[in-house]
Amino acid sequence: MPQNVTQKIISGHLVSGIMSAGSEIELRIDQTLTQDATGTMACLQFEALGVDRVKTDLSVSYVDHNTLQMGFRNPDDHRYLKTVAEKYGIVFSPAGTGICHQLHLENFGKPGATLVGSDSHTPTAGGLGSLAMGAGGLSVALAMAGEPYTISMPQVVRVYLEGELTGWASAKDVILHLLGMLTVKGGVGKVFEFAGPGVASLSVPERAVITNMGAELGATTSLFPSDENTREFLTRMGRPQDWTELVADEGAEYDEEIRITLNDLEPLAAKPHMPDQVVTVASLAGTKVNQVAIGSCTNSSYADLASVANLFAGKHVKFETDTLVSPGSKQVLKMLASEGLLENIIDSGARLLECSCGPCIGMGGSPVSEGVSVRTFNRNFEGRSGTKDAQVYLVSPLTAAMAALHGEFTDPASWGDAPQIPELPQTIPSIRNQFIFPPEDGSKVEVLRGPNIVPLEQFAAVDADIDANVLIVAGDNITTDHIMPAGAVITALRSNVPAISEHVFERMDASFASRAKNTANGVIVAGENYGQGSSREHAALAPRHLGVRAVVAKSFARIHRANLVNFGILPLILVDKEAYAEFMQEQKITVPALAIAAGEPVELILSSGKRVTVINDLTQKELDIIRAGGLLNYVRFSKSR
Ligand code: F3S
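The notes below deal with the structure included here.

Cut-off values and rules
- Residues numbered from 1 in each chain as written.
- Predicted model: local features only at pLDDT ≥ 70, side-chain atom pairs only at ≥ 80, totals over all residues.
- Heavy atoms only, no water.
- Helix = DSSP H or I, 4+ residues; strand = E, 2+ residues; numbered from the N terminus.
- Rg over C-alpha atoms; globule rule 2.2 N^0.38 Å.
- Buried < 20%, exposed > 50% of the residue type's maximum accessible area, 1.4 Å probe, protein only.
- Contact = heavy atoms within 4.5 Å.
- Areas by Shrake-Rupley, 256 points an atom, 1.4 Å probe, with all protein chains shown as cover.
- Lys, Arg positive; Asp, Glu negative; His and termini not counted.
- Charge placed at Lys NZ, Arg CZ, Asp CG, Glu CD.
- Near = heavy atom within 4 Å.
- 1 Å grid on protein atoms, 1.4 Å probe; cavity = no way out; pocket = protein on both sides within 12 Å on 5 of 7 lines; lining within 4 Å.
- Sits in = over half its atoms within 2 Å of the grid points.
- Nonpolar A, V, L, I, M, F, W, Y, C, P; charged D, E, K, R; others polar.
- Domains from an automatic or database assignment.
- Pairing = 2+ DSSP bridges.
- Phe/Tyr/Trp six-rings, centres within 6.5 Å; stacked < 30°, edge-to-face > 60°.
- Lys NZ or Arg CZ within 6 Å of the ring centre and 35° of its normal.

**Details of the overall build of the chain**
- If you tally the helices and strands in the chain, you get 20 helices and 26 strands.
- Relative to the 2.2 N^0.38 estimate, which gives 26 Å for 641 residues, the radius of gyration of the chain is 23 Å and therefore close to what a compact globule would have.
- Taken along the three principal axes of its C-alpha coordinates, the chain extends 70 × 55 × 55 Å.
- A burial count over the chain gives 63% of its 641 residues as buried.
- The long-range share in the chain, meaning contacts at least 24 apart out of those at least 6 apart in sequence, stands at 77%.
- When the accessible area of the chain is evaluated, it comes to approximately 22100 Å², of which 49% is carbon and sulfur surface.
- Between the centroid of the 51 positive side chains of the chain and the centroid of its 71 negative side chains there is a distance of 5 Å.

Structure follows, in structure tokens:
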């Protein structure tokens, strides 16, 4: 039977289950990655599993989110991560080396490999032909311990690319076009597999831009075939041995098809405050721009920054437009330097930042109040930039550079001839000596914990129906940033669940944490696509610490739903979406937890006397995990039997 690329990788890694869309499957995982914001929790969870060494082919621990190291907490976290890596056989990438996804693409990703990462943009490695999925830290910890990773067998969408990009259109505009077409929940339960003659016109870093932001579609992942361009990229990166060809068989079948003619695309922008609010850049002409930020895991490759540097040559950005440039890795930085392009960026008046996430999560580089910030990033959720009332637009590096030079959006028709996309230099400087490779035997390594590393809490099993209070009635598209905001204070507390829990929902509802603590059990009610955005498991773990036992929503985002299960919170779906109107804050509610069966409806009893029917899409195993008080309890219990 002919197979597409997704089916080939899945069938080669299938531990259990059948490859029929929607069925639960377990996959053997070859590689894992963690980043510091989610990695401390993943490492604490890995330690709790009692395994003496990681069981994957490769696990890498990157420090890229909180490199500013304000106070002792972040450095303590980084030291903890470094010593855990040495002890358990994990490669460690210190702060400043680069952003996890760019580094992984350049140094470790492989065609045909399975990768899970505790970051939602892990699909970046799909640009190389990896099946790369974002997951909660606990799922990654289990993969590091050699446990299979469980997903629903996705539907595979063939995105058939024809023609090639012309003019000022770029890879970013391909994914913005898809987002505009499909919306932020258009990819749920799907893998986007790119195919067609247009694929050959895209380099691996361009493909990685597209697969990176496939996360914004809510997709399980996105990937490209591995072809001659992939071989060329890996060869230039000094890893020709990691290349294997991986293409769909003739006659392979797909669940759906989307066709895009690349020549038809023009520069696009996602307007505030959602990545799917896509319009043409031309339609924004005349909008003043206070800040331009170039970088992030989406658009910080050599080609991205070299094209910006070429546009900046001999020019100065507008003084009114604070312009920030953060290279994705030290390798990108070294290439810019060796090709003489760094000077263009420095001379342009742009601020050169460290190779890290930085402004993407408001870690430095926040826009001015009510400012318009034009970013090459992947998310523009309200407040994520660190400035609550900022208006953030997502664009390509070329569009961002033109906004920096003009101080406003201008019509691409006035930009003249579009530049060539720069090719990777023939000789690429290595940064292999920047990584810390673990010793063969780490048993004598002492794991160093600062006072900020608080031991994990063990949650009680579900052994009775739950009488609870409705703590909040939230709307549609609530992001993990709404639930557990990113930013300096919060990220300093990521290893300290009791402390971080004080900030749950604080930007929407300042008294949420205190109300939750004053009630034994809580329920969150929400609209569509609850928990979209990052893989941040604190958005489930911290509410669970505060006593949240169930979330009742119209629908859930994939990774967050998995995180709720992992921490013993019931994700319940309203059968009749209109019933959402029955819920009020502070209302008492009984969740018949013991009567819940996988895939079966049950009635919630409200203090108003109304009964509201909810259903779940849980497998029996997921239900058992919730009943055990979360995945860690479930695994410990299974191992002790
Ligand atoms: Fe970092 Fe932002 Fe990507 S936080 S991993 S640059 S989405």
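Having put the structure on the table, let's press on.
**Things to note about the site of the ligand**
- Around the ligand sit His-65, His-101, Asp-119, His-121, Ser-296, Cys-297, Cys-357, Cys-360, Ile-361, Asn-378 and Arg-384, and that is every residue in its neighbourhood.
- The pocket occupied by the ligand, as judged from atoms lying within 2 Å of grid points, is the largest cavity.
- Looking at the shell around the ligand residue by residue, the classes come out as four nonpolar, five polar and two charged.
- For the shell around the ligand, the two domains that each supply at least three residues are domain 1 (5-264) and domain 2 (268-411).

**Topic: the pairing of strand β20 (residues 466-473)**
- By the criterion of burial, β20 is predominantly enclosed, with six of the eight residues buried.
- Alignment of β20 against strand β24 (residues 588-591), held across four bridges, turns out to be antiparallel. Looking at β24, one finds that Ala-468 is bridged to Ile-589.
- The pairing of β20 with strand β21 (residues 522-526) spans four bridges and is classified as parallel. Its bridge partner being in β21, Val-473 is matched across the sheet by Val-525.

**Digging into unusual backbone geometry**
- The omega torsion of the bond from Pro-272 to His-273 falls at 0°, within 30 degrees of zero and hence cis.
- As for its position among the elements, His-273 is in the loop between β13 (268-270) and β14 (278-280).
- Look at Thr-183: it is not a glycine, yet its phi comes out positive at around 70°.
- With a relative accessible area of 33%, Thr-183 lands in the partly exposed category.
- The phi dihedral of Asn-477 is positive, around 55°, even though this residue is not glycine.
- Taking relative accessible area as the criterion, Asn-477 reaches 24% and is therefore assigned partly exposed.

**Considerations on the packing of aromatic side chains**
- Enumeration over the complete set of coordinates arrives at eight aromatic pairs.
- A centroid spacing of 5.1 Å and a plane angle of 65° characterise the contact between Phe-108 and Phe-435, whose relative ring orientation is edge-to-face. You can see Phe-108 sitting in the loop between α4 (100-107) and β6 (114-117) and its partner Phe-435 sitting in the loop between α12 (397-406) and β20, a full 327 residues away along the chain. Of the two residues, Phe-108 and Phe-435, neither departs from the other in class, the shared state being buried.
- One aromatic cluster is present, formed by Phe-108, Phe-435 and Phe-437 through successive ring pairs.
- The side chain of Arg-259 reaches across the aromatic face of Tyr-160, ending 4.2 Å from its centre.
- When the ring centre of Tyr-580 is taken as reference, the NZ or CZ atom of Lys-554 above it lies at 4.7 Å.

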